[in-house]
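Survey of secondary and tertiary structure
Below, each chain spelled out in residue letters.
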Amino acid sequence: MAKELWKGNEAFAEAAIRAGLQAYFGYPITPQTEALEYMSARMPELGRVFLQAESELGAINMVYGAAATGVRTMTSTSSPGTSLMMEGLSYIAATELPMVLVDVVRGGPGLGTISPSQGDYNQMVHGGGHGDYYPIVMAPAGVQETVDMVYGMFDIAEKYRSIGVVMLDGSIGQMIEPAEMPPMLEVRKDIPEWAVRGGAGKDKRILTSINLDPAEMEKMNLRLLKRWKEVEKNEVRFAEYYMDDAKIAIIGNGTAGRIALSAVRTARAAGIPVGLLRPISLRPFPVQAVQEVAAQLDNILVVEMNAGMMLEDILKIVQGKTSVEFYGRIGGVMPYPEEILAEIQRIAANPAPIKGHPRDLWMERIEPVINQ
Amino acid sequence: MQNETLIAGFGGQGVLFTGKIMAHAAMAENLQVTWFPSYGPEMRGGTANCTVVISDEEIGSPQVRQPHAVIAMNLPSLDKYENQVAPGGYLVINTSMVNRKAKRSDIHVLEVPGTELAEELGDKRLANSILLGALLAEAKFLKVGSVEKALEESLHGNKKTMVEINKKAMQKGADYIKGK
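Labelled according to an unreviewed UniProt entry, chain B appears under the name 2-oxoglutarate ferredoxin oxidoreductase gamma subunit, originating from Pelolinea submarina.

Chain A goes by 2-oxoglutarate ferredoxin oxidoreductase subunit alpha in an unreviewed UniProt entry, where it is assigned to Pelolinea submarina.

As a further point, take the overall build of chain A. Broken down by element type, chain A carries 13 helices and 14 strands. Taking 2.2 N^0.38 as the reference for a compact globule, 372 residues should give roughly 21 Å; the C-alpha atoms of chain A span a radius of gyration of 21 Å, in line with that estimate. Dimensions of chain A, computed from the C-alpha atoms along their principal axes, are close to 75 × 50 × 35 Å. Contacts spanning at least 24 positions in sequence make up 79% of the contacts within chain A whose residues lie at least 6 apart. In the form shown here, chain A has an accessible surface area of approximately 15,100 Å², with 54% of it arising from carbon and sulfur atoms. Chain A carries 35 positive and 45 negative side-chain charges, and their two centres are separated by 4 Å.

The next subject is the packing of helix H9 (residues 254-269) of chain A against helix H12 (residues 337-349) of chain A. All names here are of chain A. For the pair H9 and H12, the least separation of the axes is 8 Å and the interaxial angle reads 50°. Taken together, the axis directions place H9 and H12 in an arrangement best described as oblique. Where H9 crosses over H12, the two elements pack in a sense that is right-handed. On H12, the residues that touch Ile-259, Ala-260, Ser-262, Ala-263, Val-264, Thr-266 and Ala-267 of H9 are Pro-337, Ile-340, Leu-341 and Ile-344. Of the residues contributing to the contact of H9 with H12, the split by class is 9 nonpolar, 2 polar and no charged.

A few words on the interface of chain A and chain B. Accessible area lost when the parts come together is the quantity often used to give the size of an interface. Across the boundary between the two partners, chain A contributes 28 residues, which contact 21 residues of chain B. For the pair chain A and chain B, the two sides together bury roughly 2,100 Å², of which 61% comes from carbon and sulfur. When the buried surface of chain A facing chain B is broken down by residue, Leu-5, Ile-176 and Tyr-336 of chain A rank first, second and third, together holding 26% of it. Among the ionic pairs, Arg-65 of chain B bridges to Glu-339 of chain A, the shortest N-O distance being 3.7 Å. The interface formed by chain A and chain B includes 8 residue pairs in polar contact (both at pLDDT 80 or more). Mapped onto the side of chain A that touches chain B, the elements with two or more residues apiece are strand E1 (4-7), helix H7 (170-174), strand E8 (176-179), H9 and H12 of chain A. Tallying contributions element by element places H9 of chain A first for the side of chain A that touches chain B, with 5 residues.

Attention now moves to the packing of aromatic side chains. All names here are of chain A. Scanning the entire structure with this criterion turns up 5 aromatic pairs over all chains. Geometrically, the ring pair formed by Tyr-64 and Tyr-91 is edge-to-face, given 6.5 Å between the ring centres and 80° between the ring planes. Residue Tyr-64 is located in helix H3 (residues 56-68), and its partner Tyr-91 is located in helix H4 (residues 79-95); the two are separated by 27 residues in the primary sequence. Geometrically, the ring pair formed by Tyr-134 and Trp-228 is tilted, given 5.2 Å between the ring centres and 50° between the ring planes.

Note: most residues except glycine have negative phi, and most peptide bonds are trans. Put simply, Gly-108 of chain A and Pro-109 of chain A share a cis peptide bond, and its omega is 0°. Turning to its location among the elements, Pro-109 of chain A is positioned in the loop between strand E5 (99-105) and helix H5 (121-125). Following Arg-283 of chain A, the chain continues to Pro-284 of chain A via a peptide bond in cis, the omega torsion being 5°. Relative to the helices and strands, Pro-284 of chain A is located in the loop between strand E12 (281-283) and helix H10 (287-296). Of note, the phi angle at Asn-30 of chain B is positive, near 60°, even though the residue is not glycine. Within the fold, Asn-30 of chain B resides in the loop between helix H1 (15-28) and strand E2 (32-37). Assessed through its relative accessible area of 72%, Asn-30 of chain B is described here as exposed. One non-glycine residue, Lys-140 of chain B, adopts positive backbone phi at about 55°. Inspection of the secondary structure puts Lys-140 of chain B in the loop between helix H5 (127-139) and helix H6 (144-154). Taking the relative accessible area as the measure of exposure, Lys-140 of chain B reaches 62% and is therefore exposed.

What follows concerns the domain arrangement of chain A. Residue and element names in this part refer to chain A. Looking at chain A, the domain boundaries give domain 1 (4-234) and domain 2 (239-370). If you average the C-alpha positions of domain 1 and of domain 2, the two centres end up 30 Å apart. Taken together, the contacts link 32 residues of domain 1 with 23 residues of domain 2. Approximately 2,100 Å² of surface area, both sides summed, lies buried where domain 1 meets domain 2, with 53% of it carried by carbon and sulfur atoms. When the buried surface of domain 1 facing domain 2 is broken down by residue, Gln-118, Tyr-121 and Ala-141 rank first, second and third, together holding 30% of it. Taken together, the connections running from domain 1 to domain 2 amount to 2 salt bridges. Only H5, strand E6 (136-138), helix H6 (143-159), strand E7 (163-169), H7 and helix H8 (214-234) provide two or more residues apiece to the side of domain 1 that touches domain 2. Within the side of domain 1 that touches domain 2, the residues separate by chemical class into 17 nonpolar, 11 polar and 4 charged.

All names here are of chain A. If you trace the 5 strands from one edge of the open sheet to the other, you get E9-E11-E10-E13-E14, paired in mixed fashion. Strand pairing shows two members of the sheet lacking a second neighbour, strand E9 (238-241) and strand E14 (323-328), which therefore form its edges. Between one strand axis and the next, the sheet turns through 20° on average, direction left out of account. Relative to strand E13 (residues 299-304), strand E10 (residues 248-251) is paired through 4 bridges, and the arrangement is parallel. Bridge pairing links Ile-251 to Val-302 in E13.

Here we come to the environment of Val-144 of chain B. Assignment of secondary structure puts Val-144 of chain B in helix H6. With 26 residues separating them in the primary sequence, Val-144 of chain B and Met-170 of chain B have C-alpha atoms 8.6 Å apart.

General note: in soluble globular proteins, nonpolar side chains tend to be found buried as a group. Counting residues in each nonpolar core, the largest one holds 120 residues, and the members touching the most others are Met-74, Leu-89, Ile-250, Ile-340 and Ile-344 of chain A. Among the elements that take part in this core, H6 of chain A stands out by supplying 8 residues, more than any other. Residues from two domains meet in this core; each of domain 1 (4-234) and domain 2 (239-370) of chain A gives at least three. Dropping the residues within four chain positions of it, Met-74 of chain A is found in contact with Phe-12, Ala-16, Leu-21, Ala-23, Tyr-24, Phe-25, Met-39, Val-63, Val-100, Val-102 and Phe-154 of chain A. Of all hydrophobic cores here, the second largest spans 42 residues; its members include Cys-50, Ile-71, Met-73 and Ala-118 of chain B.

Conventions we followed
Residues numbered from 1 in each chain as written. Chains lettered and ligands numbered in written order. Predicted model: local features only at pLDDT ≥ 70, side-chain atom pairs only at ≥ 80, totals over all residues. Heavy atoms only, no water. Helix = DSSP H or I, 4+ residues; strand = E, 2+ residues; numbered from the N terminus. Rg over C-alpha atoms; globule rule 2.2 N^0.38 Å. Contact = heavy atoms within 4.5 Å. Areas by Shrake-Rupley, 256 points an atom, 1.4 Å probe, with all protein chains shown as cover. Lys, Arg positive; Asp, Glu negative; His and termini not counted. Charge placed at Lys NZ, Arg CZ, Asp CG, Glu CD. Axes fitted to C-alpha atoms, helices over the stretch in contact; angles between N-to-C directions. Parallel < 35°, antiparallel > 145°, perpendicular 65-115°, else oblique. Left-handed = near helix turned anticlockwise from the far one by under 90°. Nonpolar A, V, L, I, M, F, W, Y, C, P; charged D, E, K, R; others polar. Buried area = accessible area lost by both parts, 1.4 Å probe. Salt bridge = Lys/Arg side-chain N within 4 Å of Asp/Glu carboxyl O. Polar contact = N/O pair within 3.5 Å; in protein donor to acceptor, adjacent residues only side chain to side chain. Phe/Tyr/Trp six-rings, centres within 6.5 Å; stacked < 30°, edge-to-face > 60°. Buried < 20%, exposed > 50% of the residue type's maximum accessible area, 1.4 Å probe, protein only. Domains from an automatic or database assignment. Pairing = 2+ DSSP bridges. Core = buried A, V, L, I, M, F, W, Y, C linked by side-chain atoms within 4.5 Å.

What follows is the structure, encoded as structure tokens:
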């Protein structure tokens with residue numbers, strides 16, 4: 001396939017279809033709606049299931065039902081819709097069913113704004129719904145990466161009987177880039193041995209999220225945890241740019257990461273030895289990569305489109321071994337490369353370890369900018 | 001080498017379409033490209049803009065504070081974006097829709113009566129292509145042939161009849177600027 005121009009939202013919809021998606025359930029919400037629109041045309045055309053539910057609650061529970069029958073299924077939404085899906089996600093996790101969720105993140109809290117944000121980091125990366133489980137969470141930085149990630153996420157979700165989340169900043173859903181679509185896979189014909197499909201005379205199978213016996217529930221939780229350990233071993237992903245001789249590392253994911261790349265290039269051209277570590281899997285997090293940066297480099301600057309959610313994870317990994325600073329824009333505002341460049345220049349001019357929490361120091365710097 | 005163009009105007013002036021044509025042309029030249037729209041509440045005010053970044057290496061930010069070129073299709077766009085053009089960059093003004101001169105003297109100002117020239121071709125909706133033709137005639141960061149190919153590949157079905165007239169509009173914009 002040659003490269004074509006794709007809008008992020010339509011691109012991930014087509015990628016899911018090519019991965020053999022059999023049933024899509026969703027509810028419109030900006031900045032994700034183009035995906036649902038695209039599905040509404042393409043899925044029926046291919047004789048597959050498209051259903052616009054009455055709400056996100058309906059959509060996620062339809063996904064739950066479809067997943068229980070062993071078909072490839074997904075939904076997509078944006079932040080407030082994701083919040084509504086949390087109960088369903090927890091039930092799906094407890095029932096050990098594979099599914100894919102694309103969350104096209106917008107600024108919050110509340111109904112908030114429809115502008116791009118990374119404010120769903122904590123909600124997705126630190127758990128999803130109630131109970132002890134983790135969804136697998138990945139954050140692409142461009143349209144091609146989104147295509148490849150959604151295409152591959154079904155296999156990953158099925159391998160671990162887990163929820164695979166692609167967390168897409170609203171900016172990536174809305175932007176157009178050249179992308180090459182992967183080949184169209186045939187819809188899967190085999191049915192997983194755990195699926196419930198009905199049929200008299202067959203052995204009884206039960207898929208449920210309830211188990212009132214705490215001893216049994218404890219065993220189930222342990223099973224989820226052991227499976228999660230496998231995810232941590234196999235599914236860590238990140239990208240590095242100009243890190244070989246770097247003294248300062250920027251760590252940023254998704255859109256924040258790629259904006260930082262522009263700043264890193266400009267700083268490099270001015271002779272500042274700065275590099276970029278872009279986490280792609282957010283859960284499991286690239287812990288070892290961050291540990292190596294912390295052991296070798298003088299300064300880390302975490303850049304996010306939230307008030308420092310990934311920052312907390314990085315502080316925990318770094319454990320004071322190097323100086324960590326933070327820069328973020330919040331509520332649906334995207335930073336410009338110049339803002340990150342100014343931070344790099346400031347750190348390069350004064351690389352001494354900071355005193356205080358990086359968020360507090362950032363708040364002092366950002367408040368005048370926000371009130372401008 | 002990186003080049004950024006911000007195109008802004010009223011909804012219906014073909015702002016997003018012109019950006020897509022540029023993106024298509026850049027892809028045809030094997031360059032990296034991003035097309036980034038304003039979306040949502042900004043658009044409900046009646047104005048639309050998009051930023052097209054073209055580069056020979058992986059593109060970082062799809063949004064730029066100081067674009068290399070701005071195409072201002074109307075007065076609100078000129079007022080909003082004139083100051084943002086990078087020094088030495090290009091500001092293309094649709095003078096048909098604007099009642100003032102540019103204030104900057106450190107940039108190339110291309111004044112083109114896009115809507116009037118488009119009406120000479122029989123369709124005022126061609127102003128976007130006239131302004132793009134003028135910009136590329138001066139700034140030359142995309143080949144005219146690639147843009148023509150992009151038009152051919154983007155306008156199909158019942159829009160196919162618009163290919164030739166858009167090519168003519170681009171040529172008219174280029175001729176106007178060269179003849180000045």
